[in-house]
Each structure stands twice: as C-alpha cells, then as structure tokens.
Amino acid sequence: METDILQRWHKEKPYHGLSELSVTAAAVWHVLRCRMTAHFPRVLNFIDIIYKAAPDLLHYRHYAKLSLGLRAKIILDLIGQEGPNNETWRVFQLHFPKCPSDVTSHMTLRDLQKVQSADFSFRTMVKRLFEDDEFRKSYMKEQVALDYGEAFVAVLEKLMRELLVRLSTALSENKRQELQLALESSTLLSGSEFTISAASVAVSSSKT
C-alpha cells in the first residue's frame, strides 16, 4: 500500500522524523524506478546538487554518465512529445550548451575527452533531428526505443542506485548536514506531488 510522503516537500517538515535528504532521495529513486520521465529534470537537479556538495562521494565518470544520460532522455522524450519546436530547442540548448561549463578539478583529461565526444555526438544527432524531417520520423519511430528505451533507463537506474547506496552509507554527519542545507536552499521538486511507497525511503536496502 502506497503512502503519500512528499507533497510540496520543501514547505513541509520531515516526514515521521526523516530528514529532507532521505525523503528527497526516496522521491528521486521512485521517479527513476517508475520511469516518471516528466520529473527527470528534478532527478538531474538532485545529482547536480549532490555532486557539487560532495564531489568525493562518487567518481566524476559516474556523475557524467548519469548526467549525460538523463539529459539525453529528457531531450529525446521532449522531441517525441512536442516535436522540434522553439521550446524544445531552448531546452536542448539549456542542457547541451555549445560550451559546456561542467569542467571540474575531479575530472581527468581522458574524462574530459570522453564527455566532450559524447556531448558532441549527441548534439550532432539532435541537430539532425531538428533539420531533417525524414530522419526524425524514421529515428523516432524505429530507433529511439532501441538506443534510449528501457535498457538505457535501466542503466541509469543502476547508476542511481549505486549513488544512493553511497549517499546512505559513506557520508559523515557534517557532510550530511551540508547536503541537507544545499537541498533546503534549492527548488528541487518544488511544487510537485509524489506518491511514494514507504518502503522506498530505505534506499540503501531496497531491492531492484
């Protein structure tokens, strides 16, 4: 039986003694497992906050795979739903700017090259989706589910599970408090309502 544990969470007190960090992690896990792609931008926001506040929590490559994967899924779903309109292009430019600014001291030169290559390849494909109607119709009908469908999201789910397990086991109390403050000052999940299984709160022990 599902229990609503997160309604406009940023305005509520922690649920039954749970910290907002725990509740938000549970919400993010629920969104990804239930393939609630409309809320993937908030999942992306969550991992950005976590990585910036605690970069030692996970390797940069782990973060980059999650970030690139979520952003790609967001854009392709938007193209599939709304088509190549001005708003879709604006969101694409937001998530895949020509000059990415996510270079950090935690990435190696090889990391940077891989991220830039993946970013360039995806940008090139999306630009073709916008410019070539026949290619877009064919790709969205026959290929997108193979490239960015269930198997793709399952990989993102696995990466997210590994992040949440580390989040629940590897943080000091001071770092937990820092993350708590970072989440409280953000607009993450603002204005959204979720129905989340109470069992999903225990993200470190939930089973796939």
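Before any of the text, the structure's been laid out above.
Residues numbered from 1 in each chain as written. Predicted model: local features only at pLDDT ≥ 70, side-chain atom pairs only at ≥ 80, totals over all residues. Heavy atoms only, no water.

A separate point is helix 2 (residues 40-53). At 3.6 residues per turn, the α-helix brings residues three or four places apart onto the same side. With 14 residues, helix 2 should cover 20 Å at 1.5 Å per step; its first-to-last C-alpha distance of 20 Å lies within 8% of that length. For helix 2, the tally of buried residues reaches 10 of 14 residues, placing the bulk of the element in the interior. Residues of helix 2 that are buried include every one of Phe-40, Val-43, Leu-44, Phe-46, Ile-47, Asp-48, Ile-49, Ile-50, Tyr-51 and Ala-53, and no others. (Helix = DSSP H or I, 4+ residues; strand = E, 2+ residues; numbered from the N terminus. Expected span 1.5 Å × (residues − 1). Buried < 20%, exposed > 50% of the residue type's maximum accessible area, 1.4 Å probe, protein only.)

Attention shifts here to the layout of surface pockets. Rolled over the atoms, a probe sized like a water molecule indicates the empty space that remains. Here the second largest pocket is characterised by a volume of approximately 280 Å³. As for the second largest pocket, its lining consists of 15 residues, and the residues nearest its centre are Ala-64, Lys-65, Leu-68, Lys-114 and Ala-118. Ranked by residue count, the leading element in the lining of the second largest pocket is helix 3 (residues 60-82), at 7 residues. Along the lines of polarity and charge, the residues of the lining of the second largest pocket split into 10 nonpolar, 1 polar and 4 charged. (1 Å grid on protein atoms, 1.4 Å probe; cavity = no way out; pocket = protein on both sides within 12 Å on 5 of 7 lines; lining within 4 Å. Points joined across faces, edges and corners; volume = space filled by probe spheres on them. Nonpolar A, V, L, I, M, F, W, Y, C, P; charged D, E, K, R; others polar.)

The next point concerns the packing of helix 2 against helix 7 (residues 150-169). Where helix 2 meets helix 7, the axes come as close as 12 Å, and the angle between the chain directions of the two elements is 40°. Our classification of the angle between helix 2 and helix 7 gives oblique. Here helix 2 runs over helix 7; the crossing is left-handed. Residues Phe-40, Val-43, Phe-46, Ile-47 and Ile-50 of helix 2 touch helix 7, and the partners they reach there are Val-153, Met-160, Leu-163, Leu-164 and Leu-167. In the contact of helix 2 with helix 7, the residues fall into 10 nonpolar, no polar and no charged. (Axes fitted to C-alpha atoms, helices over the stretch in contact; angles between N-to-C directions. Parallel < 35°, antiparallel > 145°, perpendicular 65-115°, else oblique. Left-handed = near helix turned anticlockwise from the far one by under 90°. Contact = heavy atoms within 4.5 Å.)

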